[in-house]
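Letter by letter, the chains look like this.
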There are 2 protein chains.
Amino acid sequence: MKVVITGGAGFIGRKLAIKLLEKNTLDLSGGAAGPVDKVVVFDVAVPDPPFPDDPRLEIVTGDISDPDTIRALITADTDAVFHLAAVVSAGAEADFDLGMRVNFGGTRTVLDVCRALGTVPRVVFASSVAVFGGNVPDIILDDTHLTPQTSYGGQKAMGELLISDFSRKGFIDGRALRLPTVVVRPGKPNKAASTFASSIIREPLQGDKVNCPVAPEQPMWLLSPRRVVDAFIRAAELPADAWGASRAVSIPGITHSVQEMVDALAAVASDKVRARIYWKPDPDIQKIVSGWPMHFAADRGRALGFTADDSIENIIQAFIDDELGGAYVP
Amino acid sequence: MKVVITGGAGFIGRKLAIKLLEKNTLDLSGGAAGPVDKVVVFDVAVPDPPFPDDPRLEIVTGDISDPDTIRALITADTDAVFHLAAVVSAGAEADFDLGMRVNFGGTRTVLDVCRALGTVPRVVFASSVAVFGGNVPDIILDDTHLTPQTSYGGQKAMGELLISDFSRKGFIDGRALRLPTVVVRPGKPNKAASTFASSIIREPLQGDKVNCPVAPEQPMWLLSPRRVVDAFIRAAELPADAWGASRAVSIPGITHSVQEMVDALAAVASDKVRARIYWKPDPDIQKIVSGWPMHFAADRGRALGFTADDSIENIIQAFIDDELGGAYVP
């Protein structure tokens, strides 16, 4: 079985690729099932650090919006595509044309190429809670409208519509996952407004001081890297008839205030670790984050078998185990 | 003031063009206000029958998805664009690529050209209740999600997202109207599944027998041609700050069963006129129509000052007055 992961060099794509290679099986109910013979990791640049050596792994670089590139990538022997390639929220807001080209145009190119194969491949699309915004209820329901307040959210919402219509027409067998904020991300802070949600856990555990730019009472809608990888695989393996009239679903997460997150850090590590956090509000970041919906019913996601993390403590412990080799700076 | 109407040779575009010429003023609050110096009617073919002679009227034919054509059409002196050009529902379902090219690609071309002007023109987009479908509540609310079950609906929903994001970014000042089924359309039946809603009124009034393919208890969500033209003009004239986080709105209509529609025909005309309707169910049409949402709260539309018709009787009388010269075949 051949699997393609676009944006595969990114944090989540990399974990997904490695998990598929380890698992070595994918059961596309109603489609192919069997060993994972080939995982093609596609991204704009070669993965850094490199992936572990594996004869089943292939690295391809190129532009997601270029039809020739994608035709060479997604060939008739492709059983499943995980389409994660995207310009992040702040990037799509700063450069509208880049966001349209990569986030919308790239998705359309992937879907057009998949359609042209005639094999109705499984396609799992990384959407985002950024599709929500504006005038929404306090708790986002499965039938709440999409009124995104960023170009990134708009491009993801258009991608969801394409995924659903291409699936309804029988061109692909698609699924779109609206992902909560994924914590704890390893590595360095990036320019995403949500980057602090990982930084306030990651940096203190490595002995570094870190600023929390938002108020302690700010709630966050969270999912761990382990659960997000599980969600992608479950989404691929669910049968087509489980999805109904829409191929999009809000993935269940857990809602915690920033205060609860840092208290959990103290519980898992120590008060001394927590004391490495200082609180200097950043009104710009607070304003953006305050606009994000943070409470979701996610009933449909639960009914489809997607699972949230047990607790924020377990998310933090998993980060220590998976990314810090089981040890933190006390 | 220069106004462009795409799809202007169609039934609604024609009425809108003529109304703007008669009214001879458009008050784009916060934008230009003044006499209508030029109305450009754009469509794939020359209007048939021709428009009345008017020195302010210009007819242009071409392909809505061709950037060069649209750049020559929507020039820097354009104050408002009414973007109605579309392949109808059945057409977009039968030819997916045509629907994507015209309904989505045409909209994107119009918006890209408007953006490039740098003048932030007013753009009013004809959307549709076809953006709704699938698992929706019995009464569609203003925050009900868009899960279209046709490619036409999907393309209109993507157009709405573009209109909102282009407006949020300050590229255009856009508005998108989700229109009910417009009755009574003049002329001949077309291939739309909803065509019977006009035919069952229009044909008997002209002395012709007509089949009603759906059950008498089938509800319909209706708006008259007069009100739809008023809605486009109101949408153009509303100030930008009236719209908030989304530029899309469901236009209020009235819900009547087919039985109520034909009873109103008897009340306005006669039992003899009504008796020209026969009832031979068409399961295919019934199935499509049964899937359409027919009950809308439309609170936001009402709050924005859009108005539904007073009664189905008045809709029928207006058709007799406007299209049949005040007389019907008794």
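Residues numbered from 1 in each chain as written. Chains lettered and ligands numbered in written order. Predicted model: local features only at pLDDT ≥ 70, side-chain atom pairs only at ≥ 80, totals over all residues.

### A short note on the relation of the copies chain B and chain A
Move 1: When chain B is fitted to chain A, the best match, at an RMSD of 0.0 Å, comes from turning it 180° and sliding it 0.0 Å along the axis. In symmetry terms, the pair is related by a two-fold rotation axis. Across chain B, the rotation axis passes nearest the C-alpha of His145 of chain B, at a separation of 1.8 Å.
Move 2: Most of the interface of chain B is mirrored in chain A: 100% of its interface residues are interface residues there too. (Least-squares fit on C-alpha atoms with pLDDT ≥ 70 in both. Contact = placed C-beta atoms within 7 Å.)

### So, the nonpolar core
Move 1: Ile5 of chain A together with Ile5, Leu177 and Phe232 of chain B are the most contacted members of the largest nonpolar core, which totals 206 residues.
Move 2: Taken domain by domain, the makeup of this core includes at least three residues from each of domain 1 (2–180 + 224–250) and domain 2 (195–221 + 253–295 + 309–323) of chain A. (Core = buried A, V, L, I, M, F, W, Y, C linked by C-beta atoms within 7 Å. Buried ≥ 20, exposed ≤ 12 C-beta atoms within 10 Å, placed from the backbone. Domains from an automatic or database assignment.)

### Considerations on the domain arrangement of chain A
Residues and elements named next belong to chain A.
Move 1: One can read the domain layout of chain A as domain 1 (2–180 + 224–250) and domain 2 (195–221 + 253–295 + 309–323).
Move 2: For domain 1 and domain 2, the distance between their C-alpha centroids amounts to 27 Å.
Move 3: Counting residues at the interface gives 12 residues for domain 1, matched by 9 residues for domain 2.
Move 4: Class assignment for the residues of the side of domain 1 that touches domain 2 results in 6 nonpolar, 3 polar and 3 charged. (Nonpolar A, V, L, I, M, F, W, Y, C, P; charged D, E, K, R; others polar.)

### Remarks on the sheet that holds strand β13 (residues 254–257) of chain A
Residue and element names in this part refer to chain A.
Move 1: Strand order across the open sheet formed by 3 strands is β9-β11-β13, with mixed pairing between neighbours. Every other strand in the sheet has two partners, leaving β9 (181–182) and β13 as the edge strands with one partner each.
Move 2: Sheet topology note: the strand β11 (residues 219–223)/β13 ladder contains 4 bridges and is antiparallel. Pairing of Met220 across the sheet is with His256, part of β13. (Pairing = 2+ DSSP bridges. Helix = DSSP H or I, 4+ residues; strand = E, 2+ residues; numbered from the N terminus.)

### Considerations on the packing of helix α1 (residues 11–23) of chain A against helix α7 (residues 225–237) of chain A
All names here are of chain A.
Move 1: Direction vectors running N to C along α1 and α7 enclose 65°, while the axes themselves pass 10 Å from each other. For the crossing formed where α1 meets α7, the hand is right-handed. Taken together, the residues of α7 that come into contact with α1 (itself represented by Ile12, Lys15, Leu16 and Lys19) are Pro225, Val228, Val229 and Phe232.
Move 2: Considering only residue class, the contact of α1 with α7 consists of 6 nonpolar, no polar and 2 charged. (Axes fitted to C-alpha atoms, helices over the stretch in contact; angles between N-to-C directions. Left-handed = near helix turned anticlockwise from the far one by under 90°.)

### Quick look at helix α8 (residues 258–268) of chain B
All names here are of chain B.
Move 1: Taken together, the buried positions of α8 are Val258, Met261, Val262, Ala264, Leu265 and Val268. Relative to the axis of α8, the buried residues are bounded by an arc of 150° and lie together on one face.
Move 2: Looking at the buried residues of α8, the elements they touch are α6 (195–205), β11 (219–223), β13 (254–257), α9 (271–274), β14 (277–278) and α12 (312–323). (Arc of directions from axis to C-beta.)

### Comments concerning the sheet that holds strand β9 (residues 181–182) of chain B
Move 1: Here 3 strands make up an open sheet; going across it, the order is β9-β11-β13 (chain B) and the pairing mixed. Looking at strand neighbours, the two that pair on one side only are β9 and β13 of chain B, the edges of this open sheet.

### Let's talk about the interface of chain B and chain A
Move 1: Between chain B and chain A, the contact holds 24 residues from the first and 24 residues from the second.
Move 2: The element best represented in the side of chain B that touches chain A is helix α5 (residues 151–168) of chain B, accounting for 8 residues.

### Brief notes about the packing of α8 of chain B against α12 of chain B
All names here are of chain B.
Move 1: For the pair α8 and α12, interaxial distance at closest approach is 9 Å and the crossing angle is 60°. Comparing their axes, α12 and α8 come out oblique. At the point where α8 passes α12, the crossing takes the right-handed sense. Here Glu260, Met261, Ala264, Leu265, Ala267 and Val268 of α8 come into contact with α12, specifically with Ile312, Glu313, Ile316 and Gln317. (Parallel < 35°, antiparallel > 145°, perpendicular 65-115°, else oblique.)

### What about the pairing of β11 of chain B?
All names here are of chain B.
Move 1: Counted residue by residue, β11 has 4 buried out of 5 residues, so it is predominantly covered.
Move 2: Two strands pair when backbone bridges link them, and β9 and β11 are joined in this way by 2 bridges, in the parallel orientation. Paired with Thr181 across the two strands is Leu222, which belongs to β11.

### Notes on unusual backbone geometry
Move 1: A cis amide bond links Asp48 of chain A to the next residue, Pro49 of chain A, at an omega of 0°.
Move 2: By secondary structure assignment, the location of Pro49 of chain A is in the loop between β4 (38–43) and β5 (57–61).
Move 3: Its identity as a non-glycine residue notwithstanding, Asn24 of chain B has a phi of 60°, on the positive side.
Move 4: Mapped onto the elements, Asn24 of chain B comes out in the loop between α1 (11–23) and β2 (25–27).
Move 5: The exposure class assigned to Asn24 of chain B is exposed, which follows from the 12 C-beta atoms found within 10 Å.

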